[in-house]
Amino acid sequence: MIKAVTGTKDILPADIPKWKYLEENVQRVFQNFNYKDIRTPVFEETALFARGIGEETDIVGKEMYTFKDRSDTSLTLKPEMTAAVVRAYNEHSLGAQQSLVKLFYISPMFRQERPQAGRFRQFHQFGAEAIGSKSPLLDAEMIQMSYEILVSLGLKKLTVKINSLGTPETRENYKKLLKEFLEDKKDKLSEDSRRRFETNILRIFDSKVESDQKLIKDAPKLIDHLDEESKNDFEVVKEQLKKSNIPFEIDPALVRGLDYYTKLTFEIDSGSVGAQTALCGGGRYDLLIETLGGKPTPATGFAAGIERILLACENEKSFSIPEHSINVYIVRIDNKLESVISELAGKLRKENVSVDFDYLQRSVKAQMREANKLNARYVLFLGGDEYNEGIMNLKNMSNGTEEKIPIDLIREFVAKLKQR
Ligand code: AMP
């Protein structure tokens with residue numbers, strides 16, 4: 001038997017209601033903040049991500065699904081959405097029509113990571129990008145939206161962590177400080193961190209190696225060396241979060257090691273998902289639009305992982321979905337009525353009544369079992385003498401009462417069903 005590829009999974013009908021519930025909440029919150037839906041292709045030219053995410057990152061270095069198509073073009077399944085959204089923004093000059101463009105998405109992503117609980121190779125993210133303004137109010141808005149979505153799903157064990165990376169100049173100065181601090185400790189760093197010391201020193205903060213963490217514990221902190229503008233913007237974000245009653249922590253180690261990231265970065269962690277704690281992350285990326293060939297344009301955004309959020313919801317039993325039901329199940333008492341029932345079901349379905357019936361020539365008893373299994377609110381019996389007199393029997397499954405319905409008064413019947 002052929003099975004699904006490692007790190008991918010089917011979302012089976014039993015799981016779909018949870019996904020839909022999450023997606024409805026996501027869409028509602030984004031609409032309230034006036035973000036518009038954008039959908040980009042599943043694959044892009046590899047260069048977009050290599051340039052947009054950065055060669056030095058794990059995503060580009062180790063995790064991309066990259067392949068050559070038949071015309072020898074290098075393509076990559078999208079590992080994240082920001083670069084793709086910015087590509088679309090530049091390509092369609094979206095900024096020419098509107099000076100601030102607010103976009104959201106829900107989309108599958110692909111990364112060849114080691115699969116474990118909460119980490120997959122095809123997973124799904126929702127997220128938002130606001131392109132065209134440097135207002136820190138928009139940075140706060142990203143946190144507000146993601147927090148609101150998570151809270152709307154009933155999640156409680158949330159930690160919001162924020163940090164500021166300052167402007168590129170601030171960061172360059174800080175990198176020098178960090179380099180001086182680590183110079184004589186360099187040899188004790190892990191191999192990965194020694195490489196990062198040369199290529200992108202900030203990323204040493206992302207190291208999971210304990211001895212690295214010990215070494216950088218007392219390093220100077222970027223947050224203590226911010227320029228005035230970044231400092232003021234950070235204050236505005238904090239102020240907004242306080243006004244929105246969103247508890248937060250400042251985490252000076254929250255550095256996204258990409259050069260185009262600027263000023264605010266944030267992450268929301270959950271205490272309910274085991275080792276992979278981050279439910280979402282984001283921040284300001286004032287340099288990316290230019291990096292990808294557009295005009296210099298400030299922007300900010302975030303992305304959240306749906307599988308991981310649903311795992312947290314499950315572990316916290318944070319919401320429950322009403323059991324699926326159908327309006328009517330038609331029970332065939334007389335086998336000759338098969339096609340009459342199919343026709344009747346068709347009429348009811350056209351009136352937006354959800355209907356099912358037996359396609360397997362089962363006994364009346366088995367049909368009733370099926371009606372129960374499908375959680376039918378009403379069962380309609382067709383057959384016998386009553387049918388010959390133009391009458392059907394309708395049973396209300398929640399209270400057991402029965403009533404007789406004339407077969408030719410479908411519209412009145414539907415109206416009655418909808419009233420209840
Ligand atoms: P990132 O784009 O790496 O900042 O990730 C944003 C969010 O996407 C993370 O906080 C996770 O919730 C989710 N995520 C990232 N990688 C994976 C993965 N391999 N499997 C499942 N979820 C992921």
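The preceding data block contains the structure.
Because the structure is a prediction, the values reported are computed rather than measured.

Undergrad: Kindly report on the site of the ligand, identifying the contributing residues and their values.
TA: Close to the ligand lie 14 residues, the nearest being Arg111, Glu113, Phe120, Gln125 and Ala278. Residue Arg111 places a side-chain N or O atom 2.9 Å away from an oxygen atom belonging to the ligand. Relative to its unbound accessible surface of 480 Å², the ligand loses 88% to contact with the protein. Counting residues per element, the ones that place at least two in the shell around the ligand are β6 (122-131), β10 (278-284) and β11 (299-305). Counting residues per element, the shell around the ligand draws most heavily on β10, which supplies three residues. Taken together, the residues of the shell around the ligand break down into six nonpolar, three polar and five charged.

Undergrad: Quick rundown of the pattern of salt bridges? Include the residues and the values.
TA: Evaluated as defined, the whole model comprises 31 salt bridges. Across the salt bridge formed by Lys231 and Glu228, the nearest N and O atoms sit 3.6 Å from each other. With Lys231 and Glu228 both in helix α10 (residues 228-243) and three residues apart, this pair spans about one turn of that helix. On the basis of relative accessible area, Glu228 is assigned to the exposed category, the value being 52%. Lys336 is paired through a salt bridge with Asp334; the nearest N and O atoms lie 3.8 Å apart. Under the relative-accessibility criterion, Lys336 is labelled exposed at 69%. Salt bridges linked by common partners bring Asp58, Lys62, Arg196, Arg203 and Asp206 together as one network.

Undergrad: Tell me what's going on with the nonpolar core, and back it up with residues and numbers.
TA: If you look at the biggest cluster of nonpolar residues, it comprises 46 residues, and the most contacted ones within it are Ile131, Leu178, Leu182 and Tyr285. In terms of residue count, helix α4 (residues 82-91) provides more of this core than any other element does, five residues in total. When near neighbours in sequence (up to four residues on either side) are disregarded, Tyr285 contacts Thr82, Val86, Glu129, Ile131, Tyr260, Tyr261, Thr262, Ala299, Thr300 and Gly301.

Undergrad: Can you lay out the packing of aromatic side chains for me, pointing to particular residues and giving the numbers?
TA: Applying the stated rule across the entire model yields eight aromatic pairs. Here Phe30 and Tyr35 contribute two aromatic rings whose centre-to-centre distance is 6.2 Å and whose plane-to-plane angle is 45°, an arrangement assigned as tilted. The pair formed by Phe30 and Tyr35 is uniform in burial state, with each residue classed as buried. Ring geometry for Phe30 and Phe126: centres 6.3 Å apart, planes at 65°, overall edge-to-face. One end of the pair, Phe30, is in helix α1 (residues 16-32); the other, Phe126, is in strand β6, and 96 residues separate them in sequence. You'll find Phe30 and Phe126 in the same group, each marked buried. An aromatic cluster is defined as three or more aromatic residues linked by ring pairs; in this entry it consists of Phe30, Tyr35, Phe104, Phe126, Phe266 and Phe302. Over the aromatic face of Phe181 sits the side chain of Lys185, whose NZ or CZ is 4.0 Å from the ring centroid.

Undergrad: Could you give me a rundown of helix α6 (residues 136-152), with the residues and numbers involved?
TA: Spanning 17 residues, α6 covers 24 Å between terminal C-alpha atoms, matching the ideal 24 Å at 1.5 Å per step. A large share of α6 lies buried, amounting to 13 of its 17 residues. Two or three places before Leu137, at the start of α6, stands the capping residue Ser135, its side-chain oxygen 3.0 Å from that residue's backbone nitrogen. Following α6 by one or two positions, Gly154 has its phi on the positive side, about 85°.

Undergrad: Account for the environment of Gln240, with residues named and values stated.
TA: Tracing the sequence through the fold places Gln240 in helix α10. Along the primary structure Gln240 and Pro136 are separated by 104 residues, whereas in three dimensions their C-alpha atoms are 9.2 Å apart. The contact partners of Gln240, leaving out residues within four places of it in the chain, are Leu137, Ala140 and Gln144.

Undergrad: Account for the sheet that holds strand β7 (residues 158-164), naming residues and giving values.
TA: As summarised here, the arrangement of the eight strands in space is β1-β5-β6-β11-β10-β9-β7-β8, forming an open sheet in which the pairing is mixed. Each edge of the sheet is formed by a strand with only one pairing partner; in this case those strands are β1 (36-37) and β8 (248-250). Across five bridges, the pairing between β10 and β11 is antiparallel. Counted as the bridge partner of Gly281 is Ala303 from β11. α4 rests against β5 (101-110) and β6 of the sheet, and its axis sits at about 45° to β6. Here α10 sits on the sheet and contacts β7, β8 and β9 (262-270); the angle it forms with β7, its principal contact strand, is near 160°.

What counts and what doesn't
Residues numbered from 1 in each chain as written. Predicted model: local features only at pLDDT ≥ 70, side-chain atom pairs only at ≥ 80, totals over all residues. Heavy atoms only, no water. Near = heavy atom within 4 Å. Polar contact = N/O pair within 3.5 Å; in protein donor to acceptor, adjacent residues only side chain to side chain. Areas by Shrake-Rupley, 256 points an atom, 1.4 Å probe, with all protein chains shown as cover. Helix = DSSP H or I, 4+ residues; strand = E, 2+ residues; numbered from the N terminus. Nonpolar A, V, L, I, M, F, W, Y, C, P; charged D, E, K, R; others polar. Salt bridge = Lys/Arg side-chain N within 4 Å of Asp/Glu carboxyl O. Buried < 20%, exposed > 50% of the residue type's maximum accessible area, 1.4 Å probe, protein only. Core = buried A, V, L, I, M, F, W, Y, C linked by side-chain atoms within 4.5 Å. Contact = heavy atoms within 4.5 Å. Phe/Tyr/Trp six-rings, centres within 6.5 Å; stacked < 30°, edge-to-face > 60°. Lys NZ or Arg CZ within 6 Å of the ring centre and 35° of its normal. Expected span 1.5 Å × (residues − 1). Pairing = 2+ DSSP bridges. Axes fitted to C-alpha atoms, helices over the stretch in contact; angles between N-to-C directions.

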